[in-house]
Each structure stands twice: as structure tokens, then as C-alpha cells.
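# Residue-level structural notes
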Amino acid sequence: MTSTKKVLAIAIDAAEPDLIEKWMNEGYLKNLASLRSLGSFGRLYSTADWLAGSVWPTFYTGTLPGEHGFYHYLQWKSDKMDYERPNPEWFSAVPFWRRLGNSVKVIAVDVPLTFPPTTFNGIEISGWASHDRIYPASSFPKEKINWVIKNFGSPPISEEVGGLQGINDLLNLKEELITANQKETELFETLINNEEWDLSLCCFSSTHRGGHKFWDVTNIADGYSDEQKLLFKNSLRDIYISADEAVGKILTRVNDNTTVLVFSLHGMGVNTTLAEKLLPQMISKILHVQKKSNNGSYLKKIRNVIPMEWRSNFKKRLPLRLQDKMTAYWRMGGTNWSATKAFGLLADLQGYIRINLNGREKDGVIEPGEEYDQLCNKLINGLKTFKDTDTLEPVVQSVERTDRLFKEGKGFKNLPDLLVKWKFKPVTHYKKIVSSEYGEIEMPMPGFNFDGRSGNHRPEGFLLAAGENIKSNSIFEKKHIVDLAPTILQLLGIPIPKEYDGKVLKDILTK
Ligand SMILES: [Zn+2]
């Protein structure tokens, strides 16, 4: 049976609140603008402030990263000294809608970074039209995914291509992302029209991939005409408009007693990350690790002479397990652990540093307590000495110990030890960085985002709520993404689990 309360939650993944506001005000996002005039609007603090990839597990578990520990598609497994894809045996990251029992019926479509769904009261499609797809498309009931593929096609968003891309490839990607939004709309409309539900959730991921790829021209490989440049320049806005149209269509399918939430969990801006480009070298210099000269394996040497876009294309044709092995090997293979005090972890925005801690890492060498504290301080102070050679401004905005930011809950030991926030400056502006204590590091390919991402995350999301139980025409003071799950449960009349870190957003509710 279904309850009388209905909640519809639509995510516009990684949609930047500044752009949402600007384009609502300029009349491009008509459906969102009319929702705003009917309901409550405001911004959300996000765990993307320190751990860009942690936002979806934070949303769907109702807990902060110290508890869920899930922040990247490949994470460090200390008992194996290797990377592994998060999985249900390792992380207890169960989305809240899969734990609601029989009183609430759910439809969930493409919520990112979820494990394949298991038995629950509803229908869930996972990893079909996703940017952050960690497992192949799946569903509950199990065979539902075959129905999706038969009626709406194979997954409409391709794997992300790393490295620089030609302008025509990027313009084709824009069309792919707009089509993906349309197909996702058709799928979700069909489900919410034909099935019973109390809570329905859907995530549109085109805005996420689009933000990484269409922020500016620094990820384009070759030349382009003025006409192509203009098309490219408007691409991100066109993708946002298609997401707004999706929201408009879906809203025609629900009745007035439905509460509607439209949100993003983090935003997007110019790419500022030095995490993959320079951080490993910065750590080596601070810890005086000699770069291996000729004894690096031939596989690593091959990697260094193959352009990233070729590597990326080759790798994505392999099975997931092999892809992960290759990524892990290229990153850490051949490491002499007995001589490694700390190392950089795979990251997308902030820099992540893991200490090779005895008692936690299988091959740990640093003792907890004083030795750990001293090493953290050395790295924190060392990173702060690096400056841009042109402006002499530090490249790091701040470095924090994770144990000072998050409670040491169940997932805490899976988090990095140190988190590095970069100066707010386009990474393409750096040519070289220098430390008076540790020397210089050249920026590879200055002027280009050779990893293929001209945009990267900003730590603010937004929430637009309207309908039953929501205050009309109001702006709320900035709240946190971890408050969304308890607010949805409250709207459904369901008790909020004690272990949740968030609170109900009372400011937006009429009662
Ligand atoms: Zn992203």
C-alpha cells in the first residue's frame, strides 16, 4: 500500500548554484524559475568542500564521510596495499530508500555511486544514465534493466574520455548528454506514471559530465573555428536547459499533493586541481624520496610516452577489474613500502594523502602518535612552502588532518589522512611551482587541462522545494546536503534513524 504523502526528488547533478540562479534570472531555466516562485530556494553546504566524491554517499546514507567513508570510485585498501572499487562487503553504504520497509513504495533512477540494488519495496535502476557509474547498469527487480534497455536503449552516457579531445568529439558529447536527459525523462515518466510510489527519485547526470567538459576551451586538443567556439561556449547552458525541460515534463506527471525537491549536492567552476598533476612530486620532494631512475618497470615507461587520451580509450575497453588493476598499477606498482612514509591517493579535486601507518596499513612503517603527528606536520608545512613562480602566491589554500574534520565513525579508516585544498586559481595558469626548501616542479603542458576536465567541483549545492508542506516564495539560509535525507523522511512521515548526522530542514516546511 502507499501512503497519502508523496515526495518527488530530482537531482541535477553537480549543477552550479551560481549558474542555476543566473540562468533562472535570465529566463533560460523557466521550469526551475517557476518552481522557485512557488516554493523555497537556498544553497547547501557540502562535503565536497574537502572530499569532492563523497557527496552522493553522504546524501543517500544521511551520514557524513567519517561514518560512511566512501569518497571515490577507487579507494585505498590498507589490508591489501592496493586500490579497490568500493563494494557492499567493504562499505555499509545502503541508500535510505532501500531500508524503508513496506510502508513506503519507492521508484529510484540512477542515483550515482550506489551499489547494485538488492530486494526492497520498489523499483530501482542504477548506473544506466550516470556520469559516476561504478558498476554496470543494474536494477531491482533484477530483470527490470532488460526492460529499460529494450524500451529506452543501452546506457546513453558513454564512459568519460580522459585527455584532450577534438572540438567535434566534444560537440558530439554535448548532443549525447542532451539526448541522455531526454531518454532519462522518458524512462522516469513511464515509471512514475505506471507504477505506484510514495517516494520517487531521479538523477540527471548530464550537467555533471557537461560541467567537467564544457567549462572552458582548455581541454580542446586542436584548433576550432569561431562558429565551433560559439557552439562550444553555449554547450553547458544548453545542457542545463535540457535538464530544466526534463523537470518541466516530469512535473506535469504529478499531482498537487506532491512535495517536489530539485537539488544539486555540489557545484562546478574552473578546474583548480593540482592533485594528480603535481601532488605526488610535491610529497616526494618534501620527504626527500629519490625518483627511481632506470629501475622503473617497462610498463610504467610505456605509460609515460602514450598520450592520455589513447590510454583512456584503450583502458575503457577492458573489463572493470582489469581497468582498476591497470590504474592501480600505474599509480602504485613497484612501490617499496618499507621506504614509503606517505603517498598521494587517486583524487579528482582536493589532494588526498595517506600515511603508511603501522597497525593500519599491511606494510605500515610510521608509528601512531608522535611519529604520525610529526609526519603530518612536516607534510602540511612543506606543502604550504610551494608557490607559483609567476605570482609567488602559495599554491595551497589549506591542508587539514581528516581526524580534525570528521568524527572517527565506521568508515573513517578508509579516508585519506590529509586533505589538500588548492588555491582558487585556474590550474592552466601555472607554469612552474617552487619551494625555497624543496625546489621546483614544472607544470606539464601549461595552458591546458590535459586530463580533459576544464571544469571541476565547487563546494555548494542548491535546493529548490515546492508543493505540499513547503513554504512558498521563500529563501532559506544555507543548510547542508546531509539534511536532505532526514527532510525527505520527515515529509513521508517516517521516523529519522538515530545514526543520521543531518537534521530536518524545518526552515522550508510549513509545519
Ligand atoms: Zn565530478
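Residues numbered from 1 in each chain as written. Predicted model: local features only at pLDDT ≥ 70, side-chain atom pairs only at ≥ 80, totals over all residues.

## Focus: the domain arrangement of the chain
Accessible area lost upon the coming together of the parts is a frequently used measure of interface size. Domain annotation for the chain reports domain 1 (6-270 + 456-508), domain 2 (279-291 + 334-448) and domain 3 (297-332). With centres defined by C-alpha atoms, the gap from domain 1 to domain 2 works out at 30 Å. Secondary-structure elements contributing two or more residues to the side of domain 1 that touches domain 2 are α4 (65-68), β3 (75-77) and β18 (455-458). Looking at the side of domain 1 that touches domain 2, the element that brings in the most residues is α4, giving four residues. When the residues that make up the side of domain 1 that touches domain 2 are grouped by side-chain class, the tally is 14 nonpolar, 11 polar and three charged. (Domains from an automatic or database assignment. Helix = DSSP H or I, 4+ residues; strand = E, 2+ residues; numbered from the N terminus. Nonpolar A, V, L, I, M, F, W, Y, C, P; charged D, E, K, R; others polar.)

## Brief notes about the pairing of strand β16 (residues 432-435)
Looking along a regular strand, one sees side chains alternate from face to face of the sheet. Where strand β13 (residues 386-388) meets β16, three bridges bridge the pair, whose relative direction is antiparallel. Residue pairing for β16: Phe386 is matched across the bridge by Ser435. In this sheet, strand β17 (residues 439-442) lies alongside β16 in antiparallel orientation, the contact comprising four bridges. Pairing of Val434 across the sheet is with Glu440, part of β17. Where β16 folds back on β17, the antiparallel hairpin that results is connected by three residues. (Pairing = 2+ DSSP bridges.)

## Some points on the packing of helix α6 (residues 167-194) against helix α8 (residues 226-233)
Close contact between α6 and α8 brings their axes to 10 Å; oriented N to C, the two are set at 35°. As for how α6 packs across α8, the hand of that crossing is left-handed. The residues of α8 that touch α6, namely those facing Ile167, Leu170 and Leu171, are Gln228, Leu231 and Phe232. Taken together, the residues of the contact of α6 with α8 sort by class into five nonpolar, one polar and no charged. (Axes fitted to C-alpha atoms, helices over the stretch in contact; angles between N-to-C directions. Left-handed = near helix turned anticlockwise from the far one by under 90°. Contact = placed C-beta atoms within 7 Å.)

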